[in-house]
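Here are the chains, one letter per residue:
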Amino acid sequence: MNSENRKTKSEIVIIGAGVVGTSVAYHLTEKGARDVLVLERASVQGTGSTGKATGGVRAQFETAINIEMSLYSLEFFRRCGFDCGYEPRGYLFFATDERQFDYLKRSVEFQRSLGVEGVEVVDTKTISEICPILNCSDIVGGSFGAHDGFINPLAVMRGFTEGALTRGAKIFFDTEVFSIETAGGKVSALETSKGRIECEKVVLCTGARAKELAKTAEIDLPVEPQRRQIVWAKSEKPLPENLPMVIDIGSGFHFRPARDFLNPSECADGRDVLFAYPDPDEPSSFNTDFDRNFIEKVYERARTRSPFLYQTTPVLEKCRAGLYENTPDHHAILGGCEIEGLYFANGFSGHGVMHSPATGRALAEIILDGEASFLDVSCLSLERFAKGELLHETSFI
């Protein structure tokens, strides 16, 4: 997928060839852009956050913009024309007190008002039927979205990549961008490990590392890295059939059937499971080393919640850690800034893969048409932070 002839000039350059960057390239070329270049600092795709993702996709959110981004993306995954591994297994949120349950009830009502189908409030009995390995003794209720489920992040990325390349885009690997050059308030070039590339427009899709590059153009991008760890384990008996993603809305503890995105057949016996939780003691850092001490922490949460999970055996070589790219309000930053030609698709706070189709289309329309017309994403602009117009989302994990 590389290009033999290196370009020193391109109209649009996308920095980052993960699922977000390739979605932007896919949608730009779909709208007719041809002079599109994607730069990737690694020698292959999918070594960053895309390859470390759990591959969940859901419409069960609190804010309208997240719900609408999900609705568009879910429809894309159903009809995209390439195999993205979409499995509508569902997302099950459960509550252990009435305050949490009331929140889920309000959320379901709001989600339905925006057109989400297949989402419902569920009682404890239904929860135990959906997930028979869950200890429901203290659970008061929950919500279940039947069309939520799983995708293969690497397959989505490959589908976007192939579509973009077929329509004329190019990708350079082993190309690290050091700085964004501007002149007269406009983007003019990029300084890279392979030389200078002149350009008119730059789209920053570098995940947790976006802040460093934005600073070279004197833009303060409020995106902070945070390690998120996932335990891969193996059970003696097969997992319950059609097990969904299961999430404790109070603690964020969650689990799902595991999938090896590179070798899907490796999980054919149905005994592999992923589980994790957002560790409140995890500092902001670029550390992506898996800490074995995390296994003890997450198993302690599984002890009473699911004895079945507690009795599983960790598969150390498959446990992993990746980076979240968090913003102050845990919502993405989409669009331009005061520097003409500089655009952002960052800060997804764990939702980059699931929202990648909507993100790519939004950025393509903003870059080529001046605004996103299929969906109003103006509430995700960078300037919301300076204006104090932050969003609020409780159900991020």
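See above for the structure.
Source: prediction; values computed, not measured.

**Comments concerning the overall build of the protein**
Inference 1: Each helix and strand counted, the protein has 11 helices and 19 strands in total.
Inference 2: Relative to a compact globule of 397 residues, whose C-alpha radius of gyration would be 21 Å, the protein shows 21 Å and is just as compact.
Inference 3: Reported as C-alpha extents along the three principal axes, the dimensions of the protein are approximately 65 × 40 × 40 Å.
Inference 4: By sequence separation, contacts in the protein at least 24 residues apart represent 75% of the contacts at least 6 residues apart.
Inference 5: Approximately 16500 Å² of the protein is accessible, and the part contributed by carbon and sulfur atoms is 46%.
Inference 6: Taking the 43 positively charged and 57 negatively charged side chains of the protein as two groups, their mean positions are separated by 3 Å.

**Re the pattern of salt bridges**
Inference 1: Per the stated rule, a full pass over the model turns up 22 salt bridges.
Inference 2: Here Lys-31 and Asp-369 are joined by a salt bridge, their closest N and O atoms 2.9 Å apart. Of this pair, Lys-31 sits in the loop between helix 1 (19-30) and strand 2 (36-39) while Asp-369 sits in helix 10 (residues 356-369), placing them 338 residues apart in sequence.
Inference 3: Here Arg-78 and Glu-75 are joined by a salt bridge, their closest N and O atoms 3.1 Å apart.

**Quick look at the pairing of strand 4 (residues 91-95)**
Inference 1: Most of strand 4 sits out of view: 5 of its 5 residues are buried.
Inference 2: Bridging between strand 4 and strand 6 (residues 141-145) involves 5 bridges; their strand directions are antiparallel. Considered in strand 6, the bridge of Phe-94 is made with Gly-142.
Inference 3: Where strand 4 lies against strand 13 (residues 245-248), 4 bridges are found, and the strand directions are parallel. Directly across from Phe-93, in strand 13, lies its bridge partner Ile-247.

Calculation criteria
- Residues numbered from 1 in each chain as written.
- Predicted model: local features only at pLDDT ≥ 70, side-chain atom pairs only at ≥ 80, totals over all residues.
- Heavy atoms only, no water.
- Helix = DSSP H or I, 4+ residues; strand = E, 2+ residues; numbered from the N terminus.
- Rg over C-alpha atoms; globule rule 2.2 N^0.38 Å.
- Contact = heavy atoms within 4.5 Å.
- Areas by Shrake-Rupley, 256 points an atom, 1.4 Å probe, with all protein chains shown as cover.
- Lys, Arg positive; Asp, Glu negative; His and termini not counted.
- Charge placed at Lys NZ, Arg CZ, Asp CG, Glu CD.
- Salt bridge = Lys/Arg side-chain N within 4 Å of Asp/Glu carboxyl O.
- Buried < 20%, exposed > 50% of the residue type's maximum accessible area, 1.4 Å probe, protein only.
- Pairing = 2+ DSSP bridges.

On their own, these measurements won't tell you what the molecule is for.
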